[in-house]
Amino acid sequence: MSPLRQRLLDDMQLRRFSPHTQEAYLRAVVQLAQFYQRSPDRISQEEVRAFLLDLVKRKKVAPSTYNQVRCALVFFYRVTLGREFALEQIVCQPCAKKLPTVLSPEELLSPARV
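Owing to the predicted nature of the structure, the values given are computational and were not obtained by experimental measurement.

**What to know about the overall build of the protein chain**
Okay, step 1: Across its full length, the protein chain holds five helices and zero strands.
Okay, step 2: For the protein chain, whose C-alpha radius of gyration is 19 Å, the value lies well above the compact-globule estimate of 13 Å for 114 residues.
Okay, step 3: Once the C-alpha set of the protein chain is aligned to its principal axes, its extents read approximately 60 × 30 × 20 Å.
Okay, step 4: Counting only residues that meet the buried cut, the protein chain has 30% of its 114 residues in that class.
Okay, step 5: A fraction of 56% describes how many contacts in the protein chain between residues 6 or more apart in sequence connect residues 24 or more apart.
Okay, step 6: A total accessible area of about 8000 Å² is found for the protein chain, and carbon and sulfur atoms account for 56% of it.
Okay, step 7: The average position of the 18 basic charges and that of the 11 acidic charges among the side chains of the protein chain differ by 3 Å.

**Observations regarding the packing of helix α2 (residues 19–36) against helix α4 (residues 63–80)**
Okay, step 1: Contact geometry of α2 with α4 gives a least axis separation of 9 Å together with a crossing angle of 85°. One element, α2, and the other, α4, form an angle in the roughly perpendicular class. Between α2, through Ala-24, Tyr-25, Ala-28, Val-29, Gln-31 and Leu-32, and α4, the contact on the second element is made entirely by Gln-68, Val-69, Cys-71, Ala-72, Leu-73, Phe-75, Phe-76 and Tyr-77.
Okay, step 2: Split into classes, the residues belonging to the contact of α2 with α4 amount to twelve nonpolar, two polar and no charged.

**Focus on the packing of helix α3 (residues 45–57) against α4**
Okay, step 1: Where α3 meets α4, the closest approach of the two axes is 10 Å, and the angle between their N-to-C directions is 165°. The orientation of α3 with respect to α4, classified from their angle, is roughly antiparallel. Classified by chirality, the crossing of α4 by α3 is right-handed. Residue-level inspection shows Val-48, Phe-51, Leu-52, Leu-55 and Val-56 of α3 in contact with α4, the latter providing Tyr-66, Val-69, Arg-70, Leu-73 and Tyr-77.
Okay, step 2: Its residues assigned to classes, the contact of α3 with α4 shows nine nonpolar, no polar and one charged.

**Topic: unusual backbone geometry**
Okay, step 1: Backbone geometry at Arg-16 places phi at a positive 60°, although glycine is not the residue there.
Okay, step 2: In this fold, Arg-16 is placed in the loop between α1 (3–14) and α2.
Okay, step 3: For Arg-16, a relative accessible area of 74% puts it in the exposed group.

**What to know about α1**
Okay, step 1: The terminal C-alpha atoms of α1 lie 16 Å apart, and with twelve residues this matches the ideal 16 Å at 1.5 Å per residue to within 8%.
Okay, step 2: Burial in α1 covers these residues: Leu-8, Leu-9, Asp-11 and Met-12. When α1 is viewed along its axis, its buried side chains cluster within an angular range of 160° and face the same direction. Across α1 from its buried face, at more than 90 degrees, point the exposed residues Pro-3 and Leu-14.
Okay, step 3: Following α1 by one or two positions, Arg-16 has its phi on the positive side, about 60°.

Cut-offs applied
- Residues numbered from 1 in each chain as written.
- Predicted model: local features only at pLDDT ≥ 70, side-chain atom pairs only at ≥ 80, totals over all residues.
- Heavy atoms only, no water.
- Helix = DSSP H or I, 4+ residues; strand = E, 2+ residues; numbered from the N terminus.
- Rg over C-alpha atoms; globule rule 2.2 N^0.38 Å.
- Buried < 20%, exposed > 50% of the residue type's maximum accessible area, 1.4 Å probe, protein only.
- Contact = heavy atoms within 4.5 Å.
- Areas by Shrake-Rupley, 256 points an atom, 1.4 Å probe, with all protein chains shown as cover.
- Lys, Arg positive; Asp, Glu negative; His and termini not counted.
- Charge placed at Lys NZ, Arg CZ, Asp CG, Glu CD.
- Axes fitted to C-alpha atoms, helices over the stretch in contact; angles between N-to-C directions.
- Parallel < 35°, antiparallel > 145°, perpendicular 65-115°, else oblique.
- Nonpolar A, V, L, I, M, F, W, Y, C, P; charged D, E, K, R; others polar.
- Left-handed = near helix turned anticlockwise from the far one by under 90°.
- Expected span 1.5 Å × (residues − 1).
- Arc of directions from axis to C-beta.

Structure representation (structure tokens):
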């Protein structure tokens, strides 16, 4: 394991991120590195922007996936590398708001609700 990957994992564990979040953040940084075929600490802010744009335009990822990758990269560059990227200029995408399922009075009284 590279020292950079270990440092990212250590930073997430210090903040008590869930194992699922740690996997997702690590996966996002690995995807960025694979996209440019080089270490993520050598990737510029403009390249990060282009990577995120590729996720939206070419891969057509869901807004929640995009937001998770963006947050992972913000964490990696700010916390792990100690760089102050202006990623706030790259806005989060709004996620679709879903209304909760509201049961009718008849459905509440029905014994066979599924």
